[in-house]
Amino acid sequence: KTAPDIDALASIVRSYVLEAIGYCAQTKLGAEQRTISRAKSFVQKNYMKDIMLEDVANYVNLSPFYFSKFFKDNTGQTLTDYIAEVRMEAAVAMFKSGKYKIHEISERCGYNSRKYFSYVFKRYTGKTPSEYIKNPNNKENNNEESTLYV
């Protein structure tokens, strides 16, 4: 008589344990996504400054070494590549506005060296800033698969 009762109890306990595991997994995923979101928001608000890995890691309360791996594992790109991507998107928008010269855009995007800015810009768009300005058609690199290495 007791065997069915034990089986029923075991089934109930098992279902509660699985539910708890699922909740913990969702909570962890939520926390990871919030951390990534906070880090990206920090970069988007500060791309015009000299942002270092340590700055972003401190902002999200993680060690720089752990945050570097955590960011790459969760986004598929390095923090350096993400910062460059945000800066290049801002540069493209500034070029489209027609209000700024190349050196102004370079500085506004957080680059102290116009030469390095031009190098990164070409890696991102496939064109130098001068070429980009001259060619109003097909300005953006539409190759979603390309990876920006800086």
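What counts, and where the lines are drawn
- Residues numbered from 1 in each chain as written.
- Predicted model: local features only at pLDDT ≥ 70, side-chain atom pairs only at ≥ 80, totals over all residues.
- Heavy atoms only, no water.
- Helix = DSSP H or I, 4+ residues; strand = E, 2+ residues; numbered from the N terminus.
- Core = buried A, V, L, I, M, F, W, Y, C linked by side-chain atoms within 4.5 Å.
- Buried < 20%, exposed > 50% of the residue type's maximum accessible area, 1.4 Å probe, protein only.
- Contact = heavy atoms within 4.5 Å.
- Phe/Tyr/Trp six-rings, centres within 6.5 Å; stacked < 30°, edge-to-face > 60°.
- Lys NZ or Arg CZ within 6 Å of the ring centre and 35° of its normal.
- pLDDT = per-residue confidence, 0-100.
- Expected span 1.5 Å × (residues − 1).
- Arc of directions from axis to C-beta.
- Polar contact = N/O pair within 3.5 Å; in protein donor to acceptor, adjacent residues only side chain to side chain.
- Salt bridge = Lys/Arg side-chain N within 4 Å of Asp/Glu carboxyl O.

### Points about the environment of Met 52
Okay, step 1: Following the sequence through the fold, Met 52 ends up in the loop between α1 (2–46) and α2 (53–59).
Okay, step 2: Put simply, Met 52 and Leu 79 are 27 residues apart on the chain and 9.2 Å apart in space, counted from C-alpha to C-alpha.

### A word on the nonpolar core
Okay, step 1: Judged by nonpolar contacts, the single largest core of 31 residues is most densely connected at Val 43, Val 56, Phe 67, Cys 109, Phe 117 and Phe 121.
Okay, step 2: Only α1, α2, α3 (64–75), α4 (79–97), α5 (102–108) and α6 (114–125) provide two or more residues apiece to this core.
Okay, step 3: No other element matches α4, which puts 11 residues into this core.
Okay, step 4: Beyond its immediate chain neighbours, meaning those up to four positions away, Phe 121 contacts Met 88, Ala 91, Val 92, Phe 95, Gly 126, Lys 127, Thr 128, Pro 129 and Tyr 132.

### Quick look at the packing of aromatic side chains
The geometry of an aromatic ring pair is captured by two quantities: the separation of the ring centres and the angle between the planes.
Okay, step 1: Counted according to the given criterion, the structure contains 11 aromatic pairs.
Okay, step 2: Between Phe 67 and Phe 71, the ring centres sit 5.7 Å apart and the planes meet at 50 degrees, which makes this aromatic pair tilted. You can see Phe 67 and its partner Phe 71 sitting in helix α3, 4 residues apart, about one turn around the helix.
Okay, step 3: Owing to a relative accessible area of 0%, Phe 71 belongs among the buried residues under this scheme.
Okay, step 4: Taking 5.7 Å as the distance between ring centres and 55 degrees as the angle between the ring planes, the aromatic pair formed by Tyr 111 and Phe 117 counts as tilted.
Okay, step 5: Grouping aromatic residues by their ring pairs yields a cluster made of Phe 95, Tyr 111, Tyr 116, Phe 117, Tyr 119, Phe 121 and Tyr 132.
Okay, step 6: Sitting above the plane of the Tyr 59 ring, Arg 38 keeps its charged end 4.8 Å from the centroid.
Okay, step 7: Note that Arg 87 overlies the ring of Tyr 111, its terminal NZ or CZ placed 5.0 Å from the centroid.

### Some words on the confidence of the model for the protein chain
Detailed reading of predicted coordinates is not advised where the pLDDT is low.
Okay, step 1: Residues of the protein chain with pLDDT of at least 70 account for 78%, and the chain-wide mean is 83.
Okay, step 2: Here α1 is the element of the protein chain with the lowest mean pLDDT, 75, and α2 is the one with the highest, 95.
Okay, step 3: For residues 141–147, every residue scores under 50 in pLDDT, and the model assigns this stretch 6 contacts once sequence neighbours within four places are set aside.

### Structural notes on α6
Okay, step 1: Taking 1.5 Å as the rise per residue, α6 with 12 residues should run 16 Å; its terminal C-alpha atoms sit 16 Å apart, in good agreement.
Okay, step 2: When α6 is considered as a whole, its buried residues turn out to be Phe 117, Val 120, Phe 121 and Thr 125. Seen end-on, α6 carries its buried residues on one side only, within an arc spanning 115 degrees.
Okay, step 3: Tucked inside the fold, the buried residues of α6 contact α4, α5 and α7 (129–134).
Okay, step 4: Backbone geometry just after α6 places Gly 126 at a positive phi near 85 degrees.

### What to know about α3
Okay, step 1: If you check α3, its first and last C-alpha atoms are 16 Å apart, about what 12 residues at 1.5 Å a residue would give, namely 16 Å.
Okay, step 2: Immediately beyond the C-terminal end of α3, within one or two residues, lies Gly 76, with a positive phi of roughly 85 degrees.

### Regarding the side chain of Thr 125
Okay, step 1: Within the fold, Thr 125 resides in helix α6.
Okay, step 2: Within polar-contact distance, the side chain of Thr 125 engages the backbone oxygen of Lys 127 at 3.0 Å.

### Looking at the pattern of salt bridges
Okay, step 1: Considering all chains together, one arrives at 1 salt bridge under this definition.
Okay, step 2: Linking Lys 69 and Asp 73 is a salt bridge whose minimum nitrogen-to-oxygen distance equals 2.8 Å. Highlighted residues: Lys 69 and Asp 73, both in helix α3, separated by 4 residues, approximately one helical turn.
Okay, step 3: Residue classification places Asp 73 among the exposed positions, given a relative accessible area of 52%.

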